[in-house]
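As a plain string of letters, each chain reads:
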Amino acid sequence: MLKNPVCLLLFSAAFFLASCSSAPKRPAEIFTLQSMIETQLGQANREADQGRYDRALTFLDDAWRLAVLSDRPALRIRVSLSRGNALYSLGRRAEAERIWKAAGDEADLAGEKTLAAASRIYRARSLLVSGQGNPGEILALVQMEQGTLKPDRLLAALGWTVRGLAEKEMGLYTEAEKSVRSALSIHEGDRYLEQAAYDWYLIASIRSVAGNYEGSLEALDSALALDRRAENSFGLAMDWTARGDVFRKMKREEEALQSWRRSAEILRALDMEGRARELENRINPRPGSSSRP
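We now turn to the structure provided with this report. What you see is a predicted model, and the numbers here were worked out from it, not measured in a lab.

### Re the side chain of Arg83
In this structure, Arg83 sits in helix α4 (residues 73-89). Given a relative accessible area of 17%, Arg83 falls into the buried group. Not counting chain neighbours up to four residues away, the residues in contact with Arg83 comprise Leu57, Leu60, Asp61, Trp64 and Ile99.

### Brief notes about the environment of Ala225
Within the secondary structure layout, Ala225 lies in helix α11 (residues 213-230). Remark: the alpha-carbon pair of Ala225 and Leu236, spanning 11 residues in sequence, is separated by 9.0 Å.

### Observations concerning the packing of aromatic side chains
In this structure the tally under the stated criterion is 3 aromatic pairs. Between Tyr198 and Tyr201, the aromatic rings sit 6.0 Å apart at their centres with planes inclined by 15 degrees, giving stacked as the arrangement. Of this pair, Tyr198 and Tyr201 both sit in helix α10 (residues 193-209), 3 residues apart, which is roughly one turn of the helix. For Tyr201, a relative accessible area of 26% puts it in the partly exposed group. Every member of this aromatic cluster is reached through a ring pair, and the members are Tyr88, Trp100 and Tyr122. Seen from the ring of Trp260, Arg282 lies directly overhead, with NZ or CZ sitting 5.0 Å from the centre.

### Points about the packing of helix α7 (residues 135-149) against helix α8 (residues 153-169)
The contact between α7 and α8 brings their axes to 9 Å, and the two run at 160 degrees. With respect to each other, α7 and α8 are oriented roughly antiparallel. Where α7 crosses over α8, the two elements pack in a sense that is left-handed. For the pair formed by α7 and α8, the contact residues are Pro135, Ile138, Leu139, Val142, Gln143, Gln146 and Leu149 on the first element and Leu155, Ala156, Gly159, Trp160, Val162, Arg163, Ala166, Glu167 and Glu169 on the second. Residues of the contact of α7 with α8, tallied by class, amount to 10 nonpolar, 3 polar and 3 charged.

### Side note on the packing of α4 against helix α6 (residues 113-130)
Two elements in contact, α4 and α6, have axes separated by 10 Å at closest approach and are oriented at 10 degrees. In terms of orientation, α4 and α6 fall into the roughly parallel class. Between α4 and α6, the residues in contact are Ala74, Ile77, Arg78, Leu81, Asn85 and Tyr88 and Leu115, Ala118, Ser119, Tyr122, Arg125, Ser126, Val129 and Ser130, respectively. In terms of residue class, the contact of α4 with α6 is made up of 8 nonpolar, 4 polar and 2 charged.

### A look at the pattern of salt bridges
By the definition in use, this model includes 24 salt bridges. We note a salt bridge from Glu254 to Arg261, for which the minimum N-O separation is 3.8 Å. Residue classification places Glu254 among the partly exposed positions, given a relative accessible area of 47%. Classification of Arg261 as partly exposed rests on a relative accessible area of 37%. Close ionic contact of Glu280 with Arg268 constitutes a salt bridge, the shortest N to O distance being 2.6 Å. Of the two residues, Glu280 sits in helix α14 (residues 273-283) while Arg268 sits in helix α13 (residues 253-269), which places them 12 residues apart along the sequence. Residue Glu280 is classed as partly exposed on the basis of its relative accessible area, which comes to 28%. With relative accessibility at 32%, the residue Arg268 sits in the partly exposed group.

Conventions we followed
- Residues numbered from 1 in each chain as written.
- Predicted model: local features only at pLDDT ≥ 70, side-chain atom pairs only at ≥ 80, totals over all residues.
- Heavy atoms only, no water.
- Helix = DSSP H or I, 4+ residues; strand = E, 2+ residues; numbered from the N terminus.
- Buried < 20%, exposed > 50% of the residue type's maximum accessible area, 1.4 Å probe, protein only.
- Contact = heavy atoms within 4.5 Å.
- Phe/Tyr/Trp six-rings, centres within 6.5 Å; stacked < 30°, edge-to-face > 60°.
- Lys NZ or Arg CZ within 6 Å of the ring centre and 35° of its normal.
- Axes fitted to C-alpha atoms, helices over the stretch in contact; angles between N-to-C directions.
- Parallel < 35°, antiparallel > 145°, perpendicular 65-115°, else oblique.
- Left-handed = near helix turned anticlockwise from the far one by under 90°.
- Nonpolar A, V, L, I, M, F, W, Y, C, P; charged D, E, K, R; others polar.
- Salt bridge = Lys/Arg side-chain N within 4 Å of Asp/Glu carboxyl O.

Following this line, the structure appears as structure tokens:
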């Protein structure tokens with residue numbers, strides 16, 4: 001038995017060194033916070049796909065706290081971009097644009113060129129959808145940024161989507177569908193079913209505006225199939241609503257009403273009572289109101 005303290009210390013040190021020599025090397029970096037952030041981002045995306053943007057924002061607020069603790073610029077920027085998207089979807093556009101702008105500024109300082117380009121694309125999309133942006137200028141911006149977005153496949157798909165939206169607004173319907181199909185090839189190839197379904201939804205919208213109603217219904221059939229595979233109930237409701245809109249344009253009133261009823265059923269099951277009532281007002285318009293969407 002070792003009673004001498006010095007010998008005991010030397011023995012302990014020797015044991016420690018011996019145990020370290022046989023143990024695996026300690027990692028050069030720790031990614032615990034990053035893993036937690038990725039989990040929160042994934043959950044937020046799932047909630048957003050279901051139209052539950054307020055719940056998505058709750059996950060993103062927690063992800064932002066973790067990103068601040070990590071002090072990793074790329075994580076901070078990615079979470080900020082997603083938070084901006086959730087706020088925008090909740091109708092809080094001014095807050096969303098401030099967050100996107102701050103994320104872009106941080107990305108520029110950190111040399112994160114792809115994320116900086118994504119910030120500009122998100123802000124351009126906001127202007128385009130709100131009708132406050134010039135579609136030609138936005139198209140030129142997207143074309144300029146697409147090479148920078150290319151290293152990230154999902155952001156590259158975003159670029160193609162926004163490009164398609166700009167081309168649609170300019171009446172370039174063939175080009176618009178081609179652009180959205182480029183996004184679709186990425187989403188289908190990487191099995192992002194909800195995003196691929198949304199691409200088909202956009203293609204249906206492009207075809208509808210161009211007067212190709214049969215083609216629009218075919219695209220919506222594809223959107224429905226993918227949203228069912230993804231169990232994306234909110235997406236399914238939007239697909240059925242769009243089908244009703246196209247049927248009404250085609251003067252096929254009974255099919256339009258059936259489609260809207262189907263959508264209203266799904267929305268009510270999702271506890272989206274307000275949206276369900278809006279559709280039911282189309283089906284059974286009150287006296288003096290217009291049933292036109």
